[in-house]
Structures are given as structure tokens and as C-alpha cells.
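Chains, contacts and geometry: an overview
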Amino acid sequence: MLQQLVNGLILGSVYALLALGYTMVYGIIKLINFAHGDIYMMGAFMGYYLIGSLHMNFYLALIVSMVGTAALGVLIEFLAYRPLRHSTRIAALITAIGVSFFLEYSMVAVVSANVKAFPQVLPSVRFVLGPVSVTSIQLTILAVALILMVLLQLIVQKTKMGKAMRAVSVDSDAAQLMGINVNQTISFTFALGSALAGAAGVLIALYYNSLDPLMGMTPGLKSFVAAVIGGIGIIPGAALGGFVIGILETFATVINLSEYRDAIVYGILILILLIRPAGILGKNVKEKV
């Protein structure tokens, strides 16, 4: 059980990185960006080609992939979401689904739908600590994910742009009257969330040693579930939700329910929404009509 808890924390750290992107975008413009999982897929492919074709160091490839997915996130926001910012929420939601399919099947057309093996650039050394066994790759994934989460929290809480993000999330009109560039702040939020998704894509491709153009669909949905469970719009809640989903999945395997792990995750979502609709760390807020 302790071993599975460790495995769940490592898998959950990747879900947490993805969920953070969902929750930041929703917190700023109340948009559920269903293309977020496909940005994670694009990050994995960027890492794959940077390491396999350009022979980059893993950590350099990780940083370049984050920069690439950040730029892609900003481009998607500028072309697809910004023109619809003042339209209905359903129009933006349908656009997000359309962007998701566009990214997926553009990659299928370019690289084919076949599963590819991710280059194993890091040596895998196994460490045994009593009943728990972990590899150096697992520790690297957990360490990188935790470092990125801490950096995100520092950016949001300690920087001028982070203060602008918090102001826009509370009231974008009032923030604009106070001199905050709302468009720039939203673009920065997309860049930040997309960079985290790109990092998650590279880390999970390294972990499972495989990637394909449709790899972002299921993790994207589960990360959205994680954001909702933790309290969508709340950054610590998204991280907590990611770890909860990771642990749930691994424990489903322990009790021989691996085939039903997705159903268990969505069942827990329904249960949480029935008991605490705002999520674990969320607060019920009354909307003025």
C-alpha cells in the first residue's frame, strides 16, 4: 500500500501540473480550455524531437518544450478565444473542443497515429527504502513537478504580473480601470498554464516511454476533474486534486479494478460535487443576478 501511495503521488504530480493550467484559465476568464490536454501532447512531441533529432540534454529540452507550448498557448488564446471573449460561454466551450480536435488530428496527419517510443535519456537507477521502491526517473518527475508548482505559487503571489492575474480574476473591468492590461494578463496566464502542460507532457512521456497524438485526451479530462475536485479557480486546490486523482488511480490497480479506474475517478467527482459542489478547497459564492 505504501508503494502504491508513492506511485500515486508521482502520477498525481503530473495531473497536478495539468490541472493548474485548467484552473488558472478558468479563474481568469471562466473558460474551460478543453484544448489544454492537447497542449500537453504537443509538449511531449516537442521534447521527443528535441531529444531524438537535435540530441538535446533532457533538462534543456524540457525548458525549450515549455517555451514552445507557452507560445502555442498564447497563439491559441489570441486566434481562437480572444475574439469570443464577450460571446456566450457555450460558444467559447465549443471553440475549445474544436481547437482540441484540430491539434490532435493535425498531429495525426503530420506524424501518424502510431505510438512512438520516447528516448530514454536519463539513467534509471532503482532505490529500495524498506517496503518502498522508486526509480531515479520517478524521483526526477516528482522533483521537477514540485519545483514548478512552487515557482508558480511564487509568480502568482510575489510578482507584479501575479498580482495583476489575481486582480483580473476578481474583477477584470475594475482591474482595467486601475491600469492593468487585461489582454496581456490573460495571455500571460495562458502562457504559464501551457508551459506547465508542456512540462507534464515531457515528464509523462519519459515515465511511460511512449507518446502518440491522442495521448492528451484522457489525461486532459482527468486533470479537469482534478481541478473541479480541488476547487476550480483555486491554485492549491488544483494541485491537491491532481494528487488525489493519481492516488485513486494507483489504488484502483491495487484492488484489481484497473479496468474501472476511469469510472472510479468520475464517480468520485460526482460524489464530491454532491457533497461539496465548490470542491475540497472551494467556497460557495453567491452570484448576483
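Rules used throughout
Residues numbered from 1 in each chain as written. Predicted model: local features only at pLDDT ≥ 70, side-chain atom pairs only at ≥ 80, totals over all residues. Heavy atoms only, no water. Salt bridge = Lys/Arg side-chain N within 4 Å of Asp/Glu carboxyl O. Helix = DSSP H or I, 4+ residues; strand = E, 2+ residues; numbered from the N terminus. Buried < 20%, exposed > 50% of the residue type's maximum accessible area, 1.4 Å probe, protein only. UniProt positions renumbered as here; feature names shortened; annotations may be inferred. Expected span 1.5 Å × (residues − 1). Contact = heavy atoms within 4.5 Å. Axes fitted to C-alpha atoms, helices over the stretch in contact; angles between N-to-C directions. Parallel < 35°, antiparallel > 145°, perpendicular 65-115°, else oblique. Nonpolar A, V, L, I, M, F, W, Y, C, P; charged D, E, K, R; others polar. Phe/Tyr/Trp six-rings, centres within 6.5 Å; stacked < 30°, edge-to-face > 60°. Lys NZ or Arg CZ within 6 Å of the ring centre and 35° of its normal.

The final tally for this structure, using the stated rule, is 4 salt bridges. Note that glutamate 249 is salt-bridged to lysine 222, the shortest N-O span being 2.4 Å. Note that glutamate 249 is positioned in helix H10 (residues 235-254) and lysine 222 in helix H9 (residues 217-230), a separation of 27 residues in sequence. Each of the two residues, glutamate 249 as well as lysine 222, counts as buried. Note that lysine 222 is salt-bridged to aspartate 262, the shortest N-O span being 2.6 Å. Taken as a pair, lysine 222 in helix H9 and aspartate 262 in helix H11 (residues 261-275) lie far apart in primary sequence, 40 residues in all. Each of Glu77, Arg82 and Arg85 takes part in one network of salt bridges that share partners.

The positions UniProt marks with the feature "transmembrane region" (unreviewed entry) are residues 6-25, 57-80, 92-115, 135-156, 186-208, 228-251 and 263-282. Between the C-alpha atoms that bound residues 135-156 the distance is 32 Å, and the span itself is 95% helix and 5% strand. The annotated region residues 228-251 carries 83% helix and 0% strand content, and the separation between its end C-alpha atoms amounts to 20 Å.

Turning to unusual backbone geometry, a few remarks are in order. At lysine 30, a position not held by glycine, the phi torsion is positive, near 55 degrees. Overall, lysine 30 belongs to the partly exposed group, its relative accessible area being 36%. Of note, serine 112 is a non-glycine position whose phi angle comes to about 75 degrees, a positive value. Along the polypeptide, serine 112 turns up in the loop between helix H4 (89-111) and strand S1 (126-129). Overall, the relative accessible area of 26% leaves serine 112 in the partly exposed class.

With 20 residues, H10 extends 30 Å from end C-alpha to end C-alpha; this agrees with the ideal 28 Å at 1.5 Å per step. Burial in H10 covers these residues: Ile235, Gly237, Ala238, Ala239, Gly241, Gly242, Phe243, Ile245, Gly246, Glu249, Thr250 and Ala252. As for H10, its buried residues are in contact with helix H1 (2-29), helix H5 (136-158), H9 and H11. Looking one or two residues past H10, asparagine 256 carries a phi angle of roughly 60 degrees, positive in sign.

On to H1. Given a rise of 1.5 Å per residue, 28 residues ought to cover 40 Å, and the 40 Å separating the end C-alpha atoms of H1 matches this to within 8%. With 22 of 28 residues buried, H1 is to be regarded as a mostly interior element. The first or second residue beyond H1 is lysine 30, which carries a positive phi of 55 degrees.

With that settled, consider the packing of H5 against helix H6 (residues 160-170). In the contact formed by H5 and H6, the axes pass within 5 Å of each other and the chain directions differ by 75 degrees. Here H5 lies roughly perpendicular to H6, going by the angle between them. Contact residues: Ile155, Val156, Gln157 and Lys158 in H5; Lys160, Gly162, Lys163, Met165 and Arg166 in H6. For the contact of H5 with H6, the per-class residue count stands at 3 nonpolar, 2 polar and 4 charged.

With that out of the way, let us pick up the environment of glycine 279. Along the chain, glycine 279 turns up in the segment after H11. Each C-alpha atom of the pair glycine 279 and valine 228 lies 5.9 Å from the other, and the pair is 51 residues apart in sequence. Contact partners of glycine 279, with chain neighbours within four places excluded, come to Val228, Ile229, Gly230, Gly231 and Ile272.

Below, the discussion takes up the packing of aromatic side chains. One pass over the structure, following the stated rule, counts 9 aromatic pairs. Their ring planes at 65 degrees and their centres at 5.6 Å tell us that phenylalanine 34 and phenylalanine 224 sit as a pair that is edge-to-face. Within this pair, whereas phenylalanine 34 is found in the loop between H1 and helix H2 (36-52), its partner phenylalanine 224 is found in helix H9, the two being separated by 190 residues in sequence. You can call phenylalanine 224 buried: its relative accessible area is 17%. Relative to tyrosine 208, the ring of tyrosine 207 lies with its centre 5.0 Å away and its plane at 50 degrees, an arrangement referred to as tilted. Positioned over the ring face of tyrosine 26 is lysine 30, at 5.8 Å from the centre of the ring.

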